[in-house]
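# Overview (structure and organization)
Residues per chain are reported as follows:
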Amino acid sequence: MDIRTYRRFDDAGTPDWPEAPGEVVLVHGIGASERYYGPLIRELARTSIVHTLELPGFGSTPKPRRQLQMEDFGRIAVEALELAGISGAQWVGHSMGCQAVVEMALAAPGAASSVVLLGPTINDAERSAPLQALRLLQDCLGEPPAVNYILVTDYLRAGPRWYLTTLPVMIRHRIEDRLPDVVPPVLLVRGGKDPVVRADWLARLAAARPGTVTAEIPGQPHVMMYTRPRETAALIRTAVPKR
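Just so it is clear, the structure is predicted and the values come from calculations on it, not from any experiment.

Right, let's get into the sheet that holds strand β7 (residues 213-217). Strand order across the open sheet formed by 7 strands is β1-β3-β2-β4-β5-β6-β7, with mixed pairing between neighbours. A strand with exactly one partner marks an edge of an open sheet, and here the two such strands are β1 (2-6) and β7. Between one strand axis and the next, the sheet turns through 20° on average, direction left out of account. Taken together, the 6 bridges between strand β4 (residues 89-94) and strand β5 (residues 112-118) define a ladder with parallel strand orientation.

Time to look at the nonpolar core. Ranked by size, the top nonpolar core spans 45 residues in total, and within it Trp91 and Leu117 carry the most contacts. Examining the composition of this core, we find that 7 residues originate from one element, helix α3 (residues 96-107), more than from any other. Excluding its chain neighbours within four sequence positions, the residues that come into contact with tryptophan 91 are Val25, Val78, Leu81, Val101, Met104, Ala105, Ala108, Ala111, Ala112, Ser114, Val115 and Val116. Ranked by size, the runner-up nonpolar core spans 26 residues in total, among them Val116, Leu118, Leu151 and Ile236.

Moving on to the side chain of arginine 209. Mapped onto the elements, arginine 209 comes out in the loop between α8 (199-207) and β7. The buried charged residue arginine 209 lacks any salt bridge, with aspartate 181 as its nearest oppositely charged partner at 8.5 Å. Within the local environment of arginine 209, its side chain forms a polar contact with the backbone oxygen of valine 182, the two atoms lying 3.1 Å apart. Once residues lying within four places of it in the same chain are set aside, the contact partners of arginine 209 are Leu179, Pro180, Val182, Val183, Pro184, Pro185 and Val186.

Cis geometry marks the peptide bond from threonine 121 to isoleucine 122; its omega dihedral reads 5°. Relative to the helices and strands, isoleucine 122 is located in the loop between β5 and α4 (129-142). Even without being glycine, serine 95 reaches a positive phi, approximately 55°. You can see serine 95 is positioned in the loop between β4 and α3. The exposure class of serine 95 is buried, given its relative accessible area of 10%.

Moving on, we get to α4. For α4, built from 14 residues, the straight-helix expectation of 20 Å at 1.5 Å per residue is met to within 8% by its first-to-last C-alpha distance of 20 Å. Among all positions in α4, only Gln132, Arg135 and Asp139 are buried. For α4, the angular spread of the buried residues around the axis is 65°, confining them to a single face. Facing away from the buried side of α4 by over 90 degrees, the exposed positions are Pro130, Leu137 and Leu141. One side-chain oxygen of the residue at the start of α4 lies 3.3 Å from the amide nitrogen of leucine 131, identifying that residue as serine 128.

With respect to the helices, strands and loops of the structure, aspartate 194 is situated in the loop between β6 (186-191) and α8. Given a relative accessible area of 2%, aspartate 194 falls into the buried group. When the C-alpha positions of aspartate 194 and alanine 32 are compared, they lie 17 Å apart, and in sequence the two are 162 residues distant. In this structure, aspartate 194 is in contact with Gly119, Asp139, Gln220, Pro221 and His222, ignoring residues within four places of it in sequence. In terms of polar contacts, aspartate 194 uses its side chain to reach the backbone amide nitrogen of valine 197, at 3.3 Å.

As a further point, take the pattern of salt bridges. A full pass over the atoms with the stated rule returns 19 salt bridges. One salt bridge in this structure joins arginine 230 and glutamate 43, with 3.8 Å as the shortest N-O distance. Taken together, the residues span a long stretch of sequence, with arginine 230 in helix α10 (residues 229-238) and glutamate 43 in helix α1 (residues 38-44) at a distance of 187 residues. Its relative accessible area of 56% is what places arginine 230 among the exposed residues. Judged by its relative accessible area of 13%, glutamate 43 falls in the buried class. Put simply, glutamate 103 and arginine 178 hold a salt bridge, and the shortest N to O gap is 2.8 Å.

Rules of the game
Residues numbered from 1 in each chain as written. Predicted model: local features only at pLDDT ≥ 70, side-chain atom pairs only at ≥ 80, totals over all residues. Heavy atoms only, no water. Pairing = 2+ DSSP bridges. Helix = DSSP H or I, 4+ residues; strand = E, 2+ residues; numbered from the N terminus. Axes fitted to C-alpha atoms, helices over the stretch in contact; angles between N-to-C directions. Core = buried A, V, L, I, M, F, W, Y, C linked by side-chain atoms within 4.5 Å. Buried < 20%, exposed > 50% of the residue type's maximum accessible area, 1.4 Å probe, protein only. Contact = heavy atoms within 4.5 Å. Lys, Arg positive; Asp, Glu negative; His and termini not counted. Salt bridge = Lys/Arg side-chain N within 4 Å of Asp/Glu carboxyl O. Polar contact = N/O pair within 3.5 Å; in protein donor to acceptor, adjacent residues only side chain to side chain. Expected span 1.5 Å × (residues − 1). Arc of directions from axis to C-beta.

Quick look at the structure:
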């Protein structure tokens with residue numbers, strides 16, 4: 001498990017925060033890495049200490065000897081944060097990273113201040129590999145070339161075998177059944193033009209857990225935190241109250 005930390009300092013080496021900063025942990029989706037979080041990291045680091053957590057087998061992390069289930073991803077991530085001494089942070093996931101973050105929150109109910117799920121998968125009306133592939137292709141047509149380049153090169157780095165064996169794990173995992181037991185406040189966010197996470201799915205997911213807050217960034221695709229990092233960061237900072 002690879003954790004990296006980002007802080008913003010002024011020219012004198014003094015932390016560039018108006019007050020004591022909060023902490024944010026970012027967890028990527030299937031096949032991806034911390035790289036597509038770059039613009040969001042820069043925005044969040046203006047007011048927070050930002051940690052990126054790369055899941056086993058993806059990004060710079062080695063591949064496990066056995067296939068992991070979503071509960072395993074969550075448990076391993078929590079253990080890594082505990083070893084790093086990171087507690088009380090907001091946990092932010094994107095796509096499959098939302099499923100991992102939910103499992104993290106269930107494994108350690110008191111460890112996160114709030115949970116933010118950006119483009120949470122899997123749509124319960126489209127729980128199949130062919131449909132997910134179609135939605136991903138549709139989304140690629142709406143993403144900027146820079147995002148597609150990052151994702152394709154990350155997919156190649158992860159390798160087709162690990163990606164394709166993790167895909168059924170992602171599809172079988174029912175986030176809508178797990179979310180109701182999450183203790184910290186929850187925010188769900190989608191891009192307004194995201195074909196992977198449609199508005200009706202977000203509404204059903206929110207209804208599964210009373211008190212869940214939803215938001216939409218108009219006109220944006222699945223990787224909305226790259227195309228609209230300032231708006232995404234503002235939601236992460238303000239839309240969900242800290243406990």
